[in-house]
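Chain by chain, the residues run as shown.
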Amino acid sequence: MVDVAIKSTDGHPLVFLPQHDGYADETLRTILRGVETFAMVGASTHWRRPSFYAMKYLTKKGFRVIPINPGRAGETILGETVYGSLAEFPGKLDMVDIFRTSEEALDITKDVIAAKDEKGIEVLWMQLTVRNDHAAQLAEEAGLTVIMNRCPKIEYARLSGELSWSGINSRIVSAKRARPVKS
Amino acid sequence: MNEMQRLKAQGAEPALPTDYGIETLAVHAGARPDPVTGARSTPIYQTTSFAFDDADHAAELFNLQTFGYIYSRITNPTVAVLEERVAALENGRGAVAAATGHAAQFLVGATLLESGDEFISSNNLYGGSVTQFGVSFKKLGWNCHFVDMTEPENVERAMTDKVKFIFCEGLANPGGIVLDLEALAEVSRRHGVPLIVDNTMASPYLCRPFEHGADLVVHSTTKFIGGHGNTMGGIVVESGRFDWWQNDKFPSMTKPDPAYHGLTFAETFGDFGFTMKMRAVALRDYGPCMAAQAAWNLLQGVETLPLRMERHCANALAVARYLEAHPKVAWVSYAGLESNPFHALAQKYLPRGAGAVFTFGLKGGYDAGLKVVDKVNMFSHLANIGDTRSLIIHPASTTHRQLTDEQKTRAGAGPDVVRLSVGIESIDDIIGDLDQALDQA
């Protein structure tokens, strides 16, 4: 797994949460099985961008993904309207996936905490290479479950056995048949 | 969301994934019961191609937007099990198998080197690799600087702006030399290039180079991983920890790739970007894929890697001690012997044993050496290592034949050298066979 430098943001003293260096498979599986609708902050309209890949893959697996991108508000990605902010999306959200930098994650997290009760948000997920322990601490204090420096597409594929098809080390040992997470 | 509320209520804390022992990984990693039939042994997917669900599914697969099989030149379910198995044994992130160890080395070059680029290699290498790097790669404009890496500062001296990686065999063929991987990793880190270790001779049971700072590992799986002398194969394993963005030396990883509709592999695939790049471009375009049947044979072999390596190493040490005490033997180069100059490094990097391949020389020189090769009965005279059977060869006239005399001596394959790959037979029979041959030499 990529080691991400832990930096102080917003002038706040450095926070390091060692429990976020790794996550039990069962924690990730439970989140991915439970989440139905999530917002992707930093979704791209461009089909070559990694966020587009992740959105397309997870949509196919049965998630509803709401794209958030202030520069693209009103456009559509994969049939979903793009919203300029979390607050502008009128419906319920189970999770927010941050596809922005570690530094930007702090302000986005504050938006998530503000919108949490109204939208029913339970999980804050930061993408692979995105880690902000200060933001995670605030989110956890607000009652959110936090995952950092992971990609939900890669974790879904890993736990479903699909990542292994490309020779990637899933770190799973099991004598049970691999099954899709959502099945 | 009820399940998640239950998890929270239980106070379940995130934890690191379980670390399995290497004996467990050798049997299980990458292989689960077949999802459709429940078949417990990995099936041989003897097929060239895989059916698409519809046009959109096909397009997603070709775009690398979803995971799945297209064509066995690129991925195959049986081969994928071997790839994940070896990646797990090496504690790496991902792996790509190839038809042979030489093909695996070629795929590394094809992924990291442009024509005109350079790399630095240890001169203590399998002779075939010396020729591949020094002669055949040169025709592609890939320029290799060979240095003696037993002195890591030699690498520093050979470094140029065009060098893209450092390559070595940690435990070198034909034997007896162990390199200081951590010192070499320090040089590679300082210059922002990956350290690539050929781990064929040690196998991941004896040494895991990623734990000492290596970034990529290559194997000829033909040798100890397969272990039975019946199947060709190679593999490249990625640690997932090399930062391709730290400098501008790796445009093939960090710039949009014209061979893949402008995809940037290190960005899209993160810590397994190299594995995806090597597979989707180098393996796809040059085509030296591993066959499904070969992968299955190698999977059979790798399950017993820990058991075999224990016996290989115990037998090799006993043979080396026997030879060291034999009046007709001039020298023995086995890092497991206390008298060997690399013994301390072997204890550090190969604590479970110094491997099963080593060399010795007879006081009678070239002629006596050839005599031993001719007079053994159970030892097979052939050009391979890492077989269950004990093997013997005279490198100067065979595996290292294409090298100059100076290169031969530097590679530990001088005119008097005899190489053994000690098998897993009864130790008394192995020593007995050598004993009767030495009597006649």
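Residues numbered from 1 in each chain as written. Chains lettered and ligands numbered in written order. Predicted model: local features only at pLDDT ≥ 70, side-chain atom pairs only at ≥ 80, totals over all residues.

1. A short note on the overall build of chain B
Operational definition: Secondary structure elements are taken from DSSP: a helix is a run of H or I of four residues or more, a strand is a run of E of two residues or more, and numbering for both begins at the N terminus. Only C-alpha atoms enter the radius of gyration; for comparison, a globular chain is expected to reach 2.2 Å times N to the power 0.38, where N is the number of residues. Residues are scored as being in contact if the C-beta atoms we place from backbone atoms lie within 7 Å.
Assigned secondary structure in chain B consists of 18 helices and 14 strands. Relative to the globule expectation of 22 Å for 441 residues, the C-alpha radius of gyration of chain B, 23 Å, shows essentially globular dimensions. C-alpha atoms of chain B, sized along the principal axes, occupy 75 × 50 × 45 Å. A fraction of 72% describes how many contacts in chain B between residues 6 or more apart in sequence connect residues 24 or more apart.

2. Comments concerning the interface of chain A and chain B
Accessible area lost when the parts come together is the quantity often used to give the size of an interface. Going by this rule: Throughout this entry, Asp, Glu, Lys and Arg are counted as charged residues, while Ala, Val, Leu, Ile, Met, Phe, Trp, Tyr, Cys and Pro are counted as nonpolar. The remaining residues, Gly among them, count as polar.
Facing the 41 residues of chain A at the interface are 49 residues of chain B. Every element with two or more residues in the side of chain A that touches chain B is listed here: α1 (25-34) and α2 (50-60) of chain A. If you tally residues by element for the side of chain A that touches chain B, the top one is α1 of chain A, at six residues. Its residues assigned to classes, the side of chain A that touches chain B shows 16 nonpolar, 14 polar and 11 charged.

3. A closer look at unusual backbone geometry
With an omega of 10°, the peptide bond between Asn 173 of chain B and Pro 174 of chain B qualifies as cis. Tracing the sequence through the fold places Pro 174 of chain B in the loop between β5 (171-172) and β6 (177-178). Located in the positive-phi region is Leu 78 of chain A, a residue other than glycine, with phi close to 50°. Position of Leu 78 of chain A relative to the elements: it lies in the loop between β3 (76-77) and β4 (80-81). Backbone geometry at Asn 91 of chain B places phi at a positive 55°, although glycine is not the residue there.

4. Looking at the confidence of the model for chain B
Basically, it comes down to this: Confidence of the predictor at the level of single residues is captured by pLDDT, which takes values from 0 to 100.
Overall, the predicted model of chain B reaches an average pLDDT of 93, with 96% of residues at or above 70. Under a pLDDT of 50 for its full length, residues 6-17 of chain B has, in the predicted model, 16 contacts with residues more than four places off or in other chains.

5. A closer look at the packing of helix α5 (residues 101-112) of chain B against helix α6 (residues 127-139) of chain B
All names here are of chain B. The condition is simple: Only the contacting stretch of a helix is used when fitting its axis, a line to C-alpha atoms as for every element, and angles between N-to-C directions run 0 to 180 degrees. The labels follow the angle: roughly parallel below 35 degrees, roughly antiparallel above 145, roughly perpendicular from 65 to 115, and oblique for the rest. Each crossing is labelled by how the near helix is turned from the far one, with a counterclockwise turn of less than a right angle marking it left-handed and a clockwise turn marking it right-handed.
Interhelical geometry of α5 versus α6 gives an angle of 40° and a closest axis separation of 11 Å. By the angle between their directions, the pair α5 and α6 is classed as oblique. Judged by the sense of rotation from one axis to the other, the crossing of α5 with α6 is right-handed. For the pair formed by α5 and α6, the contact residues are His 102, Gln 105 and Gly 109 on the first element and Gly 128, Ser 129, Gln 132 and Phe 137 on the second.

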